[in-house]
Amino acid sequence: MKMCVPLLMAVLPIIQAVCPDREPGLQPWTPGHSEAHHVTIGYGRKVILTSSATVHSIEILNGGKLVIADSYRPILLRTKHILIGNRGQLHIGSPDCPYKGNLTISLFGRSNDTDTEHSYFGRKYIGVGTGGTLEIHGEKKLSWTFLNKTLHPGESEDNSYLFERGWGNRGIIVHVIDPKTGEVLHNDRFDTYRSKEESRRLAQYVDVVDNGMILAMVVNDEGSNNLEDSARKILTKLGSKDFHRLGFRHSWSFIALKGNSSSAVEDHAIYQGTKASSEARSSRMFQSEYGEHFTITTSSQWVQEAEWTEWFDRDDERGSGDWEKLSDLHKAYPDRLCSTPMDIQAESHDGVPSNETGDVIYKSDRDYGFVCLNKDQSHGLCHNYRVRFLCGKLVRPQASISIERLSNSTVLELAEPAEGWGPGDRLVVASTDYSMHQAEEFTILPCPACGPTQVKVQGKPVFLHMGEEVDGVDMRAEVGLLSRNILVRGEMEPRCYGNEACKFFAFDTFGGHVKVERGFKSVQVSGVELQHMGQQSMGHYPVHFHMNGDVDQKGGYDPPTSVSDLSIHHTFSRCVTVHGSNGLLVKDVVGYDALGHCFFTEDGPEERNTFDHCLGLMIRAGTLLPSDRDSKMCRDITQGAFPGYVANPRQDCR
């Protein structure tokens, strides 16, 4: 007995974790694709769906069992309805073995189809009847959390890079950049003016850089004096055509992918002396492995800065006019004026620019000076003018390497680790303004550099979303996950058709729905996304427990009935409806963009139902009940109706 106990304990966890699709005795089921194929799984038949299929309908009855295989290939199951009747079972994953693949159950059909609708479930549904079992368990993911840093409109992560050097950083500057991310991996400077050893070190440095890396290089000040052939040869191999021609204080810039000489971009400029600027500039755009773009720009230049002289007034308007010739000014002020000005300005003594005085100006030229002739003026006399000149200073070296990330993305700071969230998942950030319509949807992008509480999303926010307390009030926006690896959706028509709802909605409102009938055997649903579900008619909601009585231990259900970790969005009639049912656990459910009350206990006497950590946002008016409607709907629906048709219509139609 001493040896049996540890063996038993070692085996039990394995037994408990058996996945539904690994159960012995399951028969492969490949029904193919036919919208006319009515399927019945019954009389103890147990089947497993391993590939995509389209059928008219599926009815699981009399001990029949359908299991969806957890496949590495996505599975799409299209059907008008799934009816799980007496002793029928539908299993997708289990609590101990969540479904890890990608499954979509797509419910199709129109409200005016000619085939007979079910008297209890209607059309376009997953229905759990008396004695039926529905077990759906997707991957565990964080359902929703709070934004922990305020998002401003148009805001994105500013992670551009700028490297600048001037005097005191002579030589050739090199950056090694990762082409996958645009991140600088390493940089160094080689003073090839000072020594040949620095030239050899440059050659060795470039040689050991991995192929495929980006090399960005510039000369700052002087880099040619002690260049050796080893450096010239390796730069030529990289794709340079100008490096071997570098002369004293020449400007040079270069960008290339190592190992791909055709990728090289380069510029070269000869030194123009101490009083003239020159620049070599190269730029190239790259695409990261995540689809974003970044641009690298290298610049090597001699910068000539300039400043204006004082104002000079050598002559006045008497005589033939006002002559402020540059040659005369040089004689009058020999040490206060440069020999080759870059620009000229002239104004009257009361500060009016020469082009605004009304005078006809004979000449205004930086190389000649300024002249206004009295004979050219209709009033016979020029204003008295003064002039000044823009003079350049001695040039100085400047080298720069910049990386501009052309990112249409934003990093969200969250209050909790984003467990299970991954690239491609959709999420919604709630409005923190007066309008609920400022909620915004985003798609998650890869972000290797993000921490556990950070996610990068595509796009930039249009609206402000608070991520902090204001005057002691928690104003943080909620962030809800919309995507799940199991999707149940309704297939929709492009526009509304043929029903009363079209008076209020331009879009099709006849979605799918999940309905549970009294006397079911077991219902546990978790980790599921429901999209385009619900109908603008009574009793057809995305998730609906209808007149079930007690669904916890009090009603004999162990474990108690629950729906958890659901994303219910873009729906047409509520999110979760509990009608005449008690003891239901609704936990970690996100309801977004729904018509009518999202979380709804229908009659009022329902009890012991728990709504734990659920989020509802952007819930819009629907037509079903007076409390669902906006004032226009209420007036249009009740106008001319029998007075008792809607309770207290005057009070409802404010």
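Residues numbered from 1 in each chain as written. Predicted model: local features only at pLDDT ≥ 70, side-chain atom pairs only at ≥ 80, totals over all residues. Heavy atoms only, no water.

A. The arrangement of the overall build of the protein in detail. If you tally the helices and strands in the protein, you get 6 helices and 46 strands. For the protein, whose C-alpha radius of gyration is 38 Å, the value lies well above the compact-globule estimate of 26 Å for 654 residues. Along the three orthogonal principal directions, the C-alpha set of the protein runs to about 115 × 75 × 50 Å. Looking at the 654 residues of the protein, the share that counts as buried comes to 50%. Counting only contacts in the protein whose residues sit at least 6 apart along the sequence, the fraction spanning at least 24 positions is 67%. Distance from the positive charge centre (68 side chains) to the negative charge centre (86 side chains) of the protein: 5 Å. (Helix = DSSP H or I, 4+ residues; strand = E, 2+ residues; numbered from the N terminus. Rg over C-alpha atoms; globule rule 2.2 N^0.38 Å. Buried < 20%, exposed > 50% of the residue type's maximum accessible area, 1.4 Å probe, protein only. Contact = heavy atoms within 4.5 Å. Lys, Arg positive; Asp, Glu negative; His and termini not counted. Charge placed at Lys NZ, Arg CZ, Asp CG, Glu CD.)

B. Structural detail: the sheet that holds strand β5 (residues 57-60). Judged by pairing direction, the sheet is parallel, and its 8 strands sit side by side in the order β2-β5-β8-β11-β37-β39-β41-β44 without closing on themselves. Because the sheet does not close on itself, it has two edges, and the strands there are β2 (38-41) and β44 (599-601). Recorded for the sheet is a direction-independent mean angle of 10° between the axes of neighbouring strands. Where β5 lies against strand β8 (residues 81-84), 4 bridges are found, and the strand directions are parallel. (Pairing = 2+ DSSP bridges. Axes fitted to C-alpha atoms, helices over the stretch in contact; angles between N-to-C directions.)

C. View of the sheet that holds strand β28 (residues 396-406). The 4 strands are arranged β14-β28-β21-β20 in an open sheet whose pairing can be described as antiparallel. Lying at the two open borders of the sheet, with one neighbouring strand each, are β14 (161-165) and β20 (278-287). Direction aside, neighbouring strands of the sheet carry axes that sit 5° apart on average. The sheet contact formed by strand β21 (residues 293-303) and β28 spans 11 bridges and is antiparallel. The partner of His-293 across the bridge, within β28, is Leu-406.

D. Region of the structure containing the state of the cysteines. All told, the structure shown has 6 disulfides when counted by the stated rule. With a sulfur-sulfur separation of 2.1 Å, Cys-372 is cross-linked through a disulfide to Cys-382. Taking the sign of the S-S torsion, -90° for the link of Cys-372 and Cys-382, the bridge is left-handed. With Cys-372 in strand β26 (residues 369-373) and Cys-382 in the loop between β26 and β27 (385-392), this pair connects stretches of sequence that are 10 residues apart. Paired through a disulfide, Cys-447 and Cys-450 show a sulfur-sulfur distance of 2.0 Å. A torsion of 80° about the S-S bond marks the disulfide between Cys-447 and Cys-450 as right-handed. Judged by its relative accessible area of 22%, Cys-447 is partly exposed. Taking relative accessible area as the criterion, Cys-450 reaches 18% and is therefore assigned buried. Along the protein, the cysteines engaged in disulfide bonds are linked according to the scheme 1-2, 3-6, 4-5, 7-8, 9-10, 11-12 when indexed in sequence order. Note on Cys-614: no disulfide assigned, nearest cysteine sulfur contributed by Cys-598 at a separation of 8.6 Å. Among the residues examined, Cys-614 registers a relative accessible area of 22% and is labelled partly exposed. (Disulfide = S-S within 2.5 Å.)

E. Quick look at the side chain of Ser-288. Positionally, Ser-288 belongs in the loop between β20 and β21. Given the relative accessible area of 9%, Ser-288 is considered buried. Apart from the residues lying within four places of it in its own chain, the contact partners of Ser-288 are Pro-179, Lys-180, Thr-181 and Phe-294.

F. Structural detail: the environment of Arg-318. With respect to the helices and strands, Arg-318 occurs in the loop between β22 (306-308) and β23 (321-325). Between the C-alpha atom of Arg-318 and that of Leu-381, which follows or precedes it by 63 residues, the distance is 8.0 Å. Polar side-chain contacts of Arg-318 include one of 2.6 Å to the side chain of Asp-316. (Polar contact = N/O pair within 3.5 Å; in protein donor to acceptor, adjacent residues only side chain to side chain.)

G. Main features of the packing of helix α2 (residues 196-208) against helix α3 (residues 229-238). Remark: α2 packs on α3, axes separated minimally by 8 Å, with the N-to-C direction vectors making an angle of 30°. Judged by the angle between their axes, α2 and α3 are roughly parallel. Considering only the axes of α2 and α3, their crossing is left-handed. Listed contacts from α3 to Ser-199, Arg-200, Leu-202, Ala-203, Val-206 and Asp-207 of α2 are Ser-230, Ala-231, Ile-234 and Leu-238. Taken together, the residues of the contact of α2 with α3 break down into 6 nonpolar, 2 polar and 2 charged. (Parallel < 35°, antiparallel > 145°, perpendicular 65-115°, else oblique. Left-handed = near helix turned anticlockwise from the far one by under 90°. Nonpolar A, V, L, I, M, F, W, Y, C, P; charged D, E, K, R; others polar.)

H. Geometry of the pattern of salt bridges. Under the defined criterion, the tally for this structure stands at 34 salt bridges. We note a salt bridge from Glu-197 to Arg-200, for which the minimum N-O separation is 3.2 Å. Within this pair, Glu-197 and its partner Arg-200 are both found in helix α2, separated by 3 residues, close to a single helical turn. Take Glu-197: its relative accessible area is 43%, and that puts it in the partly exposed class. (Salt bridge = Lys/Arg side-chain N within 4 Å of Asp/Glu carboxyl O.)

I. Representation of a nonpolar patch on the surface within the structure. Where nonpolar side chains cluster on the molecular surface, the patch consists of Val-470, Val-473 and Met-475 and spans about 200 Å² of accessible area. Here Met-475 shows up in the loop between β34 (473-474) and β35 (478-481). (Patch = residues over 30% accessible without salt bridge, like charges linked within 9 Å, V, L, I, M, F, W, Y side chains within 5 Å. Areas by Shrake-Rupley, 256 points an atom, 1.4 Å probe, with all protein chains shown as cover.)

J. Expanded view of the packing of aromatic side chains. The final tally for this structure, using the stated rule, is 17 aromatic pairs. Ring geometry for Trp-167 and Trp-302: centres 6.1 Å apart, planes at 65°, overall edge-to-face. Residue Trp-167 is located in the loop between β14 and β15 (171-177), and its partner Trp-302 is located in strand β21; the two are separated by 135 residues in the primary sequence. Note on Phe-312 and Tyr-333: the rings are 4.8 Å apart at their centroids and 35° apart in plane angle, and the pair reads as tilted. You can see Phe-312 sitting in the loop between β22 and β23 and its partner Tyr-333 sitting in the loop between α4 (326-332) and β24 (343-348), a full 21 residues away along the chain. Of the two residues, Phe-312 and Tyr-333, both sit in the buried class. By the ring-pair criterion, three or more aromatic residues cluster together here, those being Trp-167, Phe-248, Tyr-271 and Trp-302. (Phe/Tyr/Trp six-rings, centres within 6.5 Å; stacked < 30°, edge-to-face > 60°.)

K. Focus on unusual backbone geometry. In this chain, Asp-558 is followed by Pro-559 through a cis amide linkage whose omega measures 10°. For Pro-559, the position within the fold is in the loop between β39 (543-550) and β40 (562-569). Even without being a glycine, Arg-87 presents a positive backbone phi close to 60°. With respect to the secondary-structure elements, Arg-87 resides in the loop between β8 and β9 (89-92). A residue is classified by how much of its surface remains accessible, and Arg-87, at 48% relative accessible area, is partly exposed. A positive phi angle is found at Asp-588, which is not glycine, with a value near 55°. With respect to the helices, strands and loops of the structure, Asp-588 is situated in the loop between β42 (585-587) and β43 (590-595).

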